[in-house]
Amino acid sequence: MGLLEKIEQYTNRGTDKVSNKTAYSKFIDLGFPSLKNEEWKYTSLKKIIANNFEIENQGEEITDQEIKNNSLDLDNKVVFLNGELYQKPTISGVKIEKNIDHSPKYNDAITALNAALAENGYNITVSENTIVDKPLEILFLTKNKSENLAQYRNEIIVKKNSSIKIIEQVKNLSTNLCFSNMFTNINLEEKAIIEFNKLQNNNESQIIVDNTNINQETGSNSTFNTLLFGGAFTRNNLNFSQNGERCESNMNGVVILDNSEFADNHTYMDHLKANCESNELYKGIYLGKSKGVFNGKIMVRPDAQKINAFQANNNLLLSDDSSINSKPQLEIYADDVKCSHGCTIGQLDEDAIFYMNTRGISKQDAKAILTYAFASDALNKISIPYLYDVAKDLISKKLNVDLSF
Amino acid sequence: MKKEELSEDELLEKVTSTEYKYGFTTNIDSDTIPKGLSEDVVRIISKKKEEPNWMLEYRLKAYRTWLEMKEPDWANVNYPKPNYQDIIYYSAPKQKKKLDSLDDLDPELKKTFDKLGISLNEQKRLSGVAVDIVMDSVSVATSFKSKLADLGIIFCSISEAIKEHPELVQKYLGTVVPARDNFFSALNAAVFSDGSFCYIPKGSRCPMELSTYFRINEAGTGQFERTLLIADEGSYVSYLEGCTAPQRDENQLHAAVVELIAMDNAEIKYSTVQTWYPGNKDGVGGVFNFVTKRGICHKKAKISWTQVETGSAVTWKYPSCILKGDHSIGEFFSVAVTNNLQQADTGTKMIHLGKNSKSTIIAKGICAGKSNGSYRGLVQISKGAKNSRNFSQCDSLLMGDSCGSHTFPYIEVKNSSSQVEHEATTSKIGEDQIFYCNQRGIGTEEAIALIVNGYCKDVLNQLPMEFAVEAQKLLEISLEGSVG
Amino acid sequence: MLKIENLKAVVDGVEILKGINLSVNSGEVHAIMGPNGSGKSTLSSVIAGDETYEVSSGSILFDDDDLLDLDPDQRAHKGVFLSFQYPVEIPGISVSNFIKAAITEKRKVLGLDPMPAKDLLWKMREKMDLLNMKPGYLSRNMNEGFSGGEKKRNEIFQMAMLEPKLAILDETDSGLDIDALKVVANGVNKLKNSNNATIVITHYQRLLDYIVPDYVHVLHNGRIIKSGGKELAHQLEEKGYDWITKLADEKWGS
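Residues numbered from 1 in each chain as written. Chains lettered and ligands numbered in written order. Predicted model: local features only at pLDDT ≥ 70, side-chain atom pairs only at ≥ 80, totals over all residues.

Engineer: Help me understand the overall build of chain B in this model?
Structural biologist: Across its full length, chain B holds 13 helices and 24 strands. Here the contacts in chain B between residues at least 6 apart in sequence split such that 84% fall between residues at least 24 apart. (Helix = DSSP H or I, 4+ residues; strand = E, 2+ residues; numbered from the N terminus. Contact = placed C-beta atoms within 7 Å.)

Engineer: Honestly, the overall build of chain C in this entry has me stumped. Any pointers?
Structural biologist: When its secondary structure is counted, chain C shows eight helices and twelve strands. Over its C-alpha trace chain C gives a radius of gyration of 18 Å, about what one expects of a compact globule, namely 18 Å for 254 residues. Once the C-alpha set of chain C is aligned to its principal axes, its extents read approximately 60 × 40 × 35 Å. The buried share among the 254 residues of chain C stands at 42%. Of the contacts formed within chain C by residues at least 6 apart in sequence, a portion of 71% connects residues at least 24 apart. (Rg over C-alpha atoms; globule rule 2.2 N^0.38 Å. Buried ≥ 20, exposed ≤ 12 C-beta atoms within 10 Å, placed from the backbone.)

Engineer: Even after reading the chapter, I still don't get the interface of chain C and chain B, so can you show me in this structure?
Structural biologist: You'll often see interface size given as the accessible area lost when the parts meet. Contact with chain C, which involves 22 residues of that partner, is made by 20 residues of chain B. Looking at the side of chain C that touches chain B, the elements that each hand over two or more residues are α2 (72–78), β7 (90–94), α3 (95–109) and α5 (148–162) of chain C. Tallied by class, the residues present in the side of chain C that touches chain B amount to twelve nonpolar, three polar and seven charged. (Nonpolar A, V, L, I, M, F, W, Y, C, P; charged D, E, K, R; others polar.)

Engineer: Sorry, what's going on with the interface of chain B and chain A here?
Structural biologist: Contacts between the two partners involve 28 residues from chain B, matched on the other side by 30 residues from chain A. Elements that contribute at least two residues to the side of chain B that touches chain A include exactly β23 (404–413) and β24 (419–428) of chain B. Per-class residue counts for the side of chain B that touches chain A are ten nonpolar, twelve polar and six charged. Bridge analysis of strand β18 (residues 323–332) of chain A against β23(B) gives six bridges, and the strand direction is antiparallel. Paired with Asn325(A) across the bridge in β23(B) is Glu412(B). (Pairing = 2+ DSSP bridges.)

Engineer: Any chance you could explain the environment of Asn461(B) here in plain terms?
Structural biologist: The residue Asn461(B) is located in the loop between α12 (457–460) and α13 (465–479) in this model. Each C-alpha atom of the pair Asn461(B) and Gly330(B) lies 17 Å from the other, and the pair is 131 residues apart in sequence.

Engineer: In this structure, what is going on with the sheet that holds strand β9 (residues 166–170) of chain C? I would like to understand it.
Structural biologist: The pairing of strands in a sheet comes from backbone hydrogen bonds and takes either a parallel or an antiparallel form. Residue and element names in this part refer to chain C. Across the sheet, six strands lie side by side as β6-β9-β10-β3-β11-β12; this open sheet has mixed pairing. Of all strands in the sheet, those with a lone pairing partner are β6 (80–83) and β12 (223–228), marking the two edges. Taken over all neighbouring pairs, the strand axes of this sheet differ in orientation by 20° on average, direction set aside. With five bridges connecting them, strand β3 (residues 29–33) and strand β10 (residues 197–202) associate as parallel partners. (Axes fitted to C-alpha atoms, helices over the stretch in contact; angles between N-to-C directions.)

Engineer: Can you walk me through helix α2 (residues 21–30) of chain A in this structure?
Structural biologist: For an α-helix, 3.6 residues make a turn, and residues three or four places apart therefore share a direction. Residues and elements named next belong to chain A. Regarding α2, the residues found buried are Ala23, Lys26 and Phe27. Axial view of α2: buried residues confined to an arc of 100°, hence all on one face. Facing away from the buried side of α2 by more than 90 degrees, the exposed set consists of Lys21 and Asp29. Considering only its buried residues, α2 is in contact with α5 (109–117). Just downstream of α2 lies Gly31, where phi reads positive at about 70°. (Arc of directions from axis to C-beta.)

Engineer: Before we go on, may I ask you to explain the confidence of the model for chain B in this structure?
Structural biologist: Note: predicted coordinates in regions of low pLDDT should not be interpreted at a detailed level. Residues and elements named next belong to chain B. This prediction gives chain B a mean pLDDT of 82; 79% of its residues lie at or above 70. Predicted confidence for residues 1–18 stays below pLDDT 50, and this span has 19 contacts to residues more than four positions away or in other chains. Confidence over residues 95–101 falls short of pLDDT 50; this stretch has four contacts with residues more than four positions distant or in other chains. (pLDDT = per-residue confidence, 0-100.)

Engineer: In this structure, what is going on with the pairing of β23(B)? I would like to understand it.
Structural biologist: Regular strands place side chains that alternate from one sheet face to the opposite one. All names here are of chain B. The buried fraction of β23 is high, at ten of ten residues. Where burial is concerned, the two faces of β23 agree: the one with Gly404, His406, Phe408, Tyr410 and Glu412 and the one with Ser405, Thr407, Pro409, Ile411 and Val413 are both buried. Taken together, the ten bridges between strand β21 (residues 372–381) and β23 define a ladder with parallel strand orientation. Residue pairing in the sheet places Leu378 in a bridge with Tyr410 of β23.

Engineer: Before we go on, may I ask you to explain the arrangement of the chains in this structure?
Structural biologist: Taking contact number as the criterion, the leading pair out of two pairs of chains in contact is chains A and B. Regarding chain A and chain C, which are not in contact, the minimum distance between any of their C-alpha atoms is 15 Å.

Engineer: So what exactly am I meant to see when it comes to helix α6 (residues 178–191) of chain C here?
Structural biologist: All names here are of chain C. Over its 14 residues, α6 extends 20 Å from the first C-alpha to the last, a length consistent with the 20 Å expected when each residue adds 1.5 Å. Among all positions of α6, only Leu181, Val184, Ala185, Gly187 and Val188 are buried. Down the axis, α6 shows its buried residues gathered within 155° of arc, on one side only. Turned more than 90 degrees away from the buried face of α6 sit Asp179 and Lys190, all of them exposed. In the core, the buried residues of α6 are packed alongside α4 (117–130), α5 and β10. (Expected span 1.5 Å × (residues − 1).)

Engineer: Teacher, can you tell me more about the nonpolar core here?
Structural biologist: One recurring pattern in soluble globular proteins: nonpolar side chains tend to sit buried together. Val300(A), Ala231(B), Ala262(B) and Ile268(B) are the most contacted members of the largest nonpolar core, which totals 298 residues. Ranked by the residues each element gives to this core, the list is headed by helix α11 (residues 444–455) of chain B, at seven residues. (Core = buried A, V, L, I, M, F, W, Y, C linked by C-beta atoms within 7 Å.)

Engineer: Please clarify how the environment of Gly234(B) should be interpreted in this entry.
Structural biologist: Residues and elements named next belong to chain B. Within the secondary structure, Gly234 sits in the loop between β8 (226–231) and β9 (236–244). Sequence-wise, Gly234 and Pro178 are 56 residues apart; in three dimensions their C-alpha atoms are separated by 25 Å. Here Gly234 is in contact with Lys202, Gly203, Asn265 and Ala266, once residues within four sequence places are set aside.

Engineer: I tried to follow the sheet that holds strand β5 (residues 65–66) of chain C on my own but got confused; where do I start?
Structural biologist: Residue and element names in this part refer to chain C. The strand order across the open sheet built from four strands is β2-β1-β4-β5, with neighbouring strands paired in antiparallel fashion. Strands with a single pairing partner mark the edges of an open sheet, and in this sheet they are β2 (14–24) and β5. Two elements, strand β1 (residues 2–11) and β2, share eight bridges in a ladder whose sense is antiparallel. Bridge pairing in β2 places Val10 opposite Glu15. Here helix α1 (residues 40–48) sits on the sheet in contact with β1, β2 and β4 (54–62), set at roughly 70° to β2.

Engineer: For this particular structure, what's the right way to read the pairing of strand β16 (residues 291–300) of chain A?
Structural biologist: Residue and element names in this part refer to chain A. Here β16 lies mainly inside the structure; ten of its ten residues are buried. With burial as the criterion, each face of β16 is covered, one bearing Lys291, Val293, Asn295, Lys297 and Met299 and the other bearing Gly292, Phe294, Gly296, Ile298 and Val300. Bridge analysis of strand β14 (residues 262–271) against β16 gives ten bridges, and the strand direction is parallel. Along β16, the bridge assignment pairs Thr267 with Gly296.

Okay, here's the thing in structure tokens:
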């Protein structure tokens, strides 16, 4: 039975199953997006939704040792196990609760489905004038007895003059397919700062569709790092709206895929107010039969003058069977702006490899070093030294070389 | 300073009063058929043109395909959809007899050409350009025909080609742009009444520029011309196309199809200066320009599209290259200017199929007034297109805070030995550049013209000399007073 | 020729020029010196008509016209030339076409037809020789990819072509090596005559060894705090600016 039928079967069992009925009927109306949908032109859900996903959790026990093994083991951790909040830290000035928000924040079928049926997630509120020193780790672990749909709905509110750094991971510990439909809404109040790191280093049984909305008020600053090193299927939608002046938004991505992995990074930068800035840098490295999609849109609304918006998407295709589709877009309705995008698709520089060979570096190492160098400017935006090391370590594993230089 | 504000108003006044210089009509008797489209109309057109049966069948098939198609709405343009039953599909200037020489032309018609700036004799003498003129829907004059014929070059109207060279037309018509390709190509295939045909034989280099001028004259007519250009192995041709229409309050439809075939080692250079009536400052009237242009490159062949687009109320146009042969080359150079309420969604498609194929895209958009300009392009590198290369540069220059400029590139790469580079920028015309020019005594208007010309230079340089000068002037006229 | 009275200018609400008084007559060379941030470049920009600066009071009389009533291009037509500290790049426009446009515009105002191409080219050659410029220069795009020295030389070349009454050289020596400096200075000196005047704006005395000023003014904190002959430049070179700026700060506050 396909996912749609499973969902209908589940909701037919009782009205209490649907948390938001409007959202649910919206989902039923729209149905899962097909390739005809411009936003899903290169990304097919057809095979995925044909799977026999269970809607209710039937999780197996996850031990503390497993949590430790799959986390970065930071001091401050929020841990969800099989859909339930298992652990949360106490941090002064920060309130962490189970999220019960089902307000109508959805704009397509997938987010509507999340709004309709998600029952869990976190709500993090950072009080005014609070600087959270230590990064906060958020971990969603599932270990299911069967193929499973897991939905979370999260909210982060960073109040005036406050800042926080977050590292989030979603992991499936079982070999049964898990379809994680994640939704996170982030509100940055005046002069608030956030650095959000999404570490997606998943196995072949993890499917993720993630929607993150970041709403920024005057003078706020957001940095969003996507570190995508694996997973059967990953679709990230990252939507920024700058609702006040003097905002800065940064998004960086490093994508390294191998085998038959697929990843689609969709970003939407909406400049609604004047005197703001955005920077976007996505680096993609594709090995094996992997496929990548990048879709980045910069929108500058009328009267949003003095905007500097920059976007770059660089890709390396390192194997004959890998492919990339890229759609960088600019939609500009104000004139006093500087906006640019660049996209490149290519290979490693043969001359550089040869040069390194003559200096005694093996071909494989030379390639790895150059590949790493290619990714490094996006990687350098991570401000948490420990995470930087972890990312570097994961890259060296993925590229199968020693990068301990 | 206070002085400047005053001149801003003056400038604004000037923009809104800039008139379309080709907005006249010619009083020529014409042979028109009633409005509307049906199988009968298609038959009438075919009959009027004394076409062979295969051509009628081709048209009817296209018409039936068209009936099942929907008008596309994916482009970033908004316009009232034309009522296809309210258009006259055939209008020919009445002529007593077939002309042997341009000197025999109807004097009224000749005046039209003079107003268009095409003094045929002058052009003949000075630049040796062979000109074919399509008025409303029918080719009215082709110059230099016999001289070209000596070289085996066929340059005539497409209706003549259908009669005189049916084997060529039948072999190639619709092979690059099939009728079913899109809504407008189907419509064109059903009702096209004329256009140009050109065949360059093996190994020959066409000694002069070939040129077609298109003109919509009659009210309520649509223009559906069809151009088919075949460059046989190792040949070369440079082809120019220009177009104008009278100033009318209604929207006129122009849905043309251009097909280029470049055989092995052949080269085609196709240049367009598009100046259809853009409508007035309030967006009333103007031509809807929905055009399908595509070329196919065989082994080591090259097709180069150059366009300067300043006209039309709405433009929807993507001159494309199918790079089928190994080592084939596709180029697209474009300047698109929109002012007042004009909308343009234009770009190209480069489909790389052959090994070592190369493509270059240089697109310069200039938006002023309340206009919207979009670049939409596709670069597709297939799995077999080893070592292929693409470079794209799309820049937009904005003048005034009510216009919009958009870039929608699609890049699809399935090959790890290929390199694709795409760059796009959007910015305001540089105030520091204008001030620098001012300091040297160059006024703001001239400074803008100078800066815009410099900005478009890479594209204008691709145009044949006599067109380049015209295009430069055109840019100035289109943007007159567009900066406050 | 030039008479500046009580000139005050503001940018983004901050007063940069706080009352400048300066008179320049035909045939004179004036040097305006001063530490960084004293307002030197603002003064030159205001004379040329840069809208970034708002003139809050005062006047700039040039012959009989008040420059403040004129647009930048009109000022240029009257004979005001500014050699920019940072010349602007204009992609796609060659040096020769740019100069042609500038000269044609000026002649239009004077009611003259464009200069015949041959004459123009001949004049360009002559002026290029004066500045030791290679012929290839003319076809390069305006300042695009030019080195610092090439840009400055291009400024003086345009000055030679436009033959202004008043030339303002804003930090023309910055970015020039000693050989290039000599060439540029030599060019400026050759263009000097009894009907025109030059204002040299510089931080260092170096350029003044080659373009010898009749008057030296020290600008500090938006005011001319000391004027003198060419020997003042030497004093500044030896003692620095502190000895006079301190006195001025005592008078007006820093």
